[in-house]
Amino acid sequence: MDSKPHIVIVEDDISQAKITARILQSEQYDVTLLYSGEQLEELLRKRNIDLILMDWVLPGKNGFETLELMRRSNVAVPVIFLTGNSDEHQIAKALDAGAEDYVVKPVRIAELLARIRKVIGRAGIGNSPAQAVEGFLRVVNGDLVSGNSRQHLTESERKLMSLFLNNQDVLLSRNDIAVSLWGTDTSSDSGRAVDVTVSRLRKKLSQVGGTHLKIRSRYGVGYVMEKATT
């Protein structure tokens with residue numbers, strides 16, 4: 001087992017990829033550089049990977065298609081997208097598909113390193129013992145479970161669930177949530193990412209059932225987790 005976290009960069013801009021790889025190596029990460037989704041699929045069968053930094057635009061399968069294939073194959077390695085497009089619909093599409101985070105190009109190194117540390121630091125959450133949530137609802141190995149119903153949670157969703165559970169009946173602003181999840185505030189595009197992540201978690205809570213906990217929005221302010229009164 002490698003002593004350093006293993007990060008794979010999937011980027012077809014070779015010069016930029018090499019610069020990013022050198023920076024990560026200087027931060028004591030084990031880095032593998034790939035140039036296509038097909039190369040990533042092959043590596044996933046051979047080596048343990050802790051985190052993937054993936055460009056949206058790739059030869060052959062693009063980054064989004066590669067991520068979709070990973071998730072359909074039950075590959076849960078965290079993915080941070082590197083994208084030159086800050087369009088909120090594309091960002092929402094990536095998060096809905098299971099990406100943990102995104103960084104808009106041109107990449108700011110300090111921001112990228114902070115986001116990497118956040119995801120790597122959360123990597124052990126899914127290995128913790130079963131956590132009682134409410135009623136028959138619980139988190140087991142990173143999955144939301146109720147009876148025979150189970151929904152996989154991404155790292156961002158697990159982090160958000162923990163935040164809500166530790167602050168039940170407390171109104172959390174979108175800024176509070178963004179800082180907790182990604183170390184950034186809603187002055188950036190992370191405001192939209194908060195809404196998308198909350199929406200996904202709401203849907204999964206509804207799908208597993210077995211709880212009276214609801215995530216409610218407070219228009220223009222934020223979100224609160226509380227027991228439904230009806």
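See the structure shown above.
Residues numbered from 1 in each chain as written. Predicted model: local features only at pLDDT ≥ 70, side-chain atom pairs only at ≥ 80, totals over all residues. Heavy atoms only, no water.

1. Brief notes about the packing of aromatic side chains
Right, on to step 1. For the coordinates displayed, the defined rule picks out two aromatic pairs.
Right, on to step 2. Judged by centre distance (5.6 Å) and plane angle (25 degrees), the ring pair of tryptophan 56 and phenylalanine 64 falls under stacked. There is no split in this pair, since tryptophan 56 and phenylalanine 64 are both buried.
Right, on to step 3. Ring plane angle 50 degrees and centroid distance 5.2 Å describe the contact between tryptophan 56 and phenylalanine 81, whose orientation is recorded as tilted. Placement of tryptophan 56 in the loop between strand E3 (51-55) and helix H3 (63-72) and of phenylalanine 81 in strand E4 (residues 79-83) is noted, with a sequence separation of 25 residues between them. Note on accessibility: tryptophan 56 and phenylalanine 81 belong to one class, buried.
Right, on to step 4. The aromatic ring of phenylalanine 64 is capped on one face by lysine 93, whose charged end is 4.4 Å from the ring centroid.
Right, on to step 5. The ring of tyrosine 102 is capped by arginine 115, whose NZ or CZ atom sits 5.8 Å from the centre of that ring. (Phe/Tyr/Trp six-rings, centres within 6.5 Å; stacked < 30°, edge-to-face > 60°. Buried < 20%, exposed > 50% of the residue type's maximum accessible area, 1.4 Å probe, protein only. Helix = DSSP H or I, 4+ residues; strand = E, 2+ residues; numbered from the N terminus. Lys NZ or Arg CZ within 6 Å of the ring centre and 35° of its normal.)

2. A closer look at unusual backbone geometry
Right, on to step 1. Lysine 105 connects to proline 106 through a cis peptide bond whose omega is 0 degrees.
Right, on to step 2. Structurally, the position occupied by proline 106 is in the loop between strand E5 (101-104) and helix H5 (109-122).
Right, on to step 3. Positioned with a positive phi, glutamine 28 is a non-glycine residue whose angle comes to about 70 degrees.
Right, on to step 4. Inspection of the secondary structure assignment puts glutamine 28 in the loop between helix H1 (14-26) and strand E2 (30-34).
Right, on to step 5. A residue is classified by how much of its surface remains accessible, and glutamine 28, at 47% relative accessible area, is partly exposed.

3. Details of the environment of aspartate 96
Right, on to step 1. Inspection of the secondary structure puts aspartate 96 in helix H4 (residues 88-96).
Right, on to step 2. Distance from aspartate 96 to arginine 200, taken between C-alpha atoms, is 7.2 Å for residues 104 residues apart in sequence.
Right, on to step 3. When residues no more than four places from it in sequence are discounted, the contact partners of aspartate 96 are Val196 and Arg200. (Contact = heavy atoms within 4.5 Å.)

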